[in-house]
Structures are given as structure tokens and as C-alpha cells.
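Observations on the three-dimensional arrangement
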Amino acid sequence: MRSPSWCTQLGTLMQPATKAFVRFAIDGDESTNHLYRQHVSWQRLLANVEAFIAAGGNAEWDFIVFEHNEHQVDQMRALAERMGFTKFNAKKTARFVDKQRGVVKASVPVKN
């Protein structure tokens, strides 16, 4: 994961902000984000987002809705607004659904 100083530089370089954006994929708060976004430091993530936005960067938040985080959508949308994100996109996924049987797959291989 990059550093806040790197994110500050990126936000400064991506001007005018109306022409470019960074989409941050954040799927919950500190208690749930790590369940899908592995090896992410919550505090470092927040520091990077804050640095990017403070430098004038245009940030969008993509939130994949899972059973373990669906109760957090409104809370995370409010956090996105407070932090200065320009968009919050809550997305449902069919990635873990067996389309032939219409049920959630028992296990999904994870690539390291």
C-alpha cells in the first residue's frame, strides 16, 4: 500500500480534478473491510484517502455489498460524504453465486 505522501503527490498531480479521479475500493469499516480486502491497514487506508482528498484529488468510493457488510452501507455513505468523496457507489455482486443453480457457492478459490 502506498504512503500518504505519495497520495498527496498524486492528488496534486491529478488537476484539474474535474478531469480525473481515483476510485477507492473500500468494503466496510475497520471491522469488515479486511474480510474481502486482505492485507489492508485500515488506518493507512484512511490516511491515504485523507491525503489524496486534502491535496485536491477527486475520490470515488466503490463499496461491494456482501452479507457481512450490508448493514454498513448507509454508515459508509455518510463517512464518504464527511471525508469529501465525490461519489459513493454501492454495488451488489453475483461473483459468488452459482448461476446454474442460483445459490451462493460453498467456496471460492482465492488467488494470492
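1. Let's talk about the overall build of the protein
For the protein, the count of helices and strands is 4 helices and 5 strands. Taken from N to C terminus, the helices and strands of the protein fall in the order α-β-α-α-β-α-β-β-β. The buried share of the protein, reckoned over its 112 residues, is 35%. Total accessible area on the protein is roughly 7,500 Å²; 52% of this is exposed by carbon and sulfur atoms.

2. What about the layout of surface pockets?
The volume enclosed by the second largest pocket comes to roughly 170 Å³. Listed by contribution, the elements that provide at least two residues to the lining of the second largest pocket are β1 (22–25) and α3 (42–54). By residue class, the composition of the lining of the second largest pocket is 6 nonpolar, 2 polar and 2 charged.

3. Points about the environment of Asp29
Turning to its location among the elements, Asp29 is positioned in the loop between β1 and α2 (33–36). Taking the C-alpha atoms as reference, Asp29 lies 8.9 Å from Gln75; in sequence the two are 46 residues apart.

4. Remarks on the pairing of strand β3 (residues 87–92)
Bridge count for strand β2 (residues 59–65) against β3 is 6 bridges, and the pairing is parallel. Note on β3: the bridge partner recorded for Val65 is Lys92. A crossover links β2 with its parallel partner β3, the connecting element being helix α4 (residues 73–83), and its sense is right-handed.

5. Some remarks on the environment of Ala17
On the secondary structure map, Ala17 appears in the loop between α1 (4–13) and β1. In this structure Ala17 touches Gly56 and Asn58, once residues within four positions along its chain are discounted.

6. Observations regarding the sheet that holds β3
Pairing within the open sheet is parallel, and its 3 strands lie in the order β1-β2-β3. Across the chains shown, the open sheet's two edge strands, defined by having one partner strand only, are β1 and β3. With direction set aside, neighbouring strand axes in the sheet form an average angle of 25°.

7. Let's talk about the environment of Met14
Here Met14 shows up in the loop between α1 and β1. Sequence separation between Met14 and Gly56 is 42 residues, and the spatial gap between their C-alpha atoms is 8.1 Å. Ignoring any residue separated from it by four or fewer positions in sequence, one finds Met14 in contact with Ala20, Phe21, Val22 and Phe52.

8. Concerning unusual backbone geometry
Of note, the amide linkage connecting Gln15 to Pro16 takes the cis form, showing an omega dihedral of 0°. Positionally, Pro16 belongs in the loop between α1 and β1. Located in the positive-phi region is His39, a residue other than glycine, with phi close to 65°. Here His39 shows up in the loop between α2 and α3.

Conventions used here
- Within each chain, residue numbers correspond to sequence positions counted from 1 in written order.
- Confidence filtering applies because this is a predicted model: local features only for residues at pLDDT of at least 70, side-chain atom pairs given and counted only at 80 or more, and all residues used for totals across whole chains, interfaces and linings.
- Only hydrogens and water are set aside when side-chain values are computed; all heavy atoms of the structure are taken into account.
- Starting at the N terminus, helices and strands are each numbered in turn, a helix being any DSSP run of H or I of at least four residues and a strand any DSSP run of E of at least two.
- Buried, partly exposed and exposed residues are distinguished by accessible area as a fraction of the type maximum, computed with a 1.4 Å probe on protein chains only: under 20%, between the cut-offs, and over 50%, respectively.
- Per-residue accessibility takes into account occlusion by the displayed protein chains alone, with areas from the Shrake-Rupley method and a 1.4 Å probe.
- The method works on a 1 Å grid over the protein atoms by themselves. A cavity is a set of points holding a 1.4 Å probe that cannot get out, a pocket is an open set with protein on both sides within 12 Å along at least five of seven lines, and residues with an atom within 4 Å of a point line them.
- Grid points are joined across faces, edges and corners, and a volume is the space filled by probe spheres set on the points.
- Three residue categories are used. Nonpolar comprises Ala, Val, Leu, Ile, Met, Phe, Trp, Tyr, Cys and Pro, charged comprises Asp, Glu, Lys and Arg, and polar comprises the others, including Gly.
- Pairing between strands is defined by DSSP: at least two bridges between the two strands are required.
- Whether a crossover is right-handed depends on one test, that the path from the first strand over the helix to the second runs clockwise when the strands point away from the viewer.
- Residues are treated as being in contact if the distance between any of their heavy atoms lies within 4.5 Å.
- The angle between two axes is taken between their N-to-C directions and runs from 0 to 180 degrees, where each axis is a line fitted to C-alpha atoms and a helix contributes only its stretch in contact.

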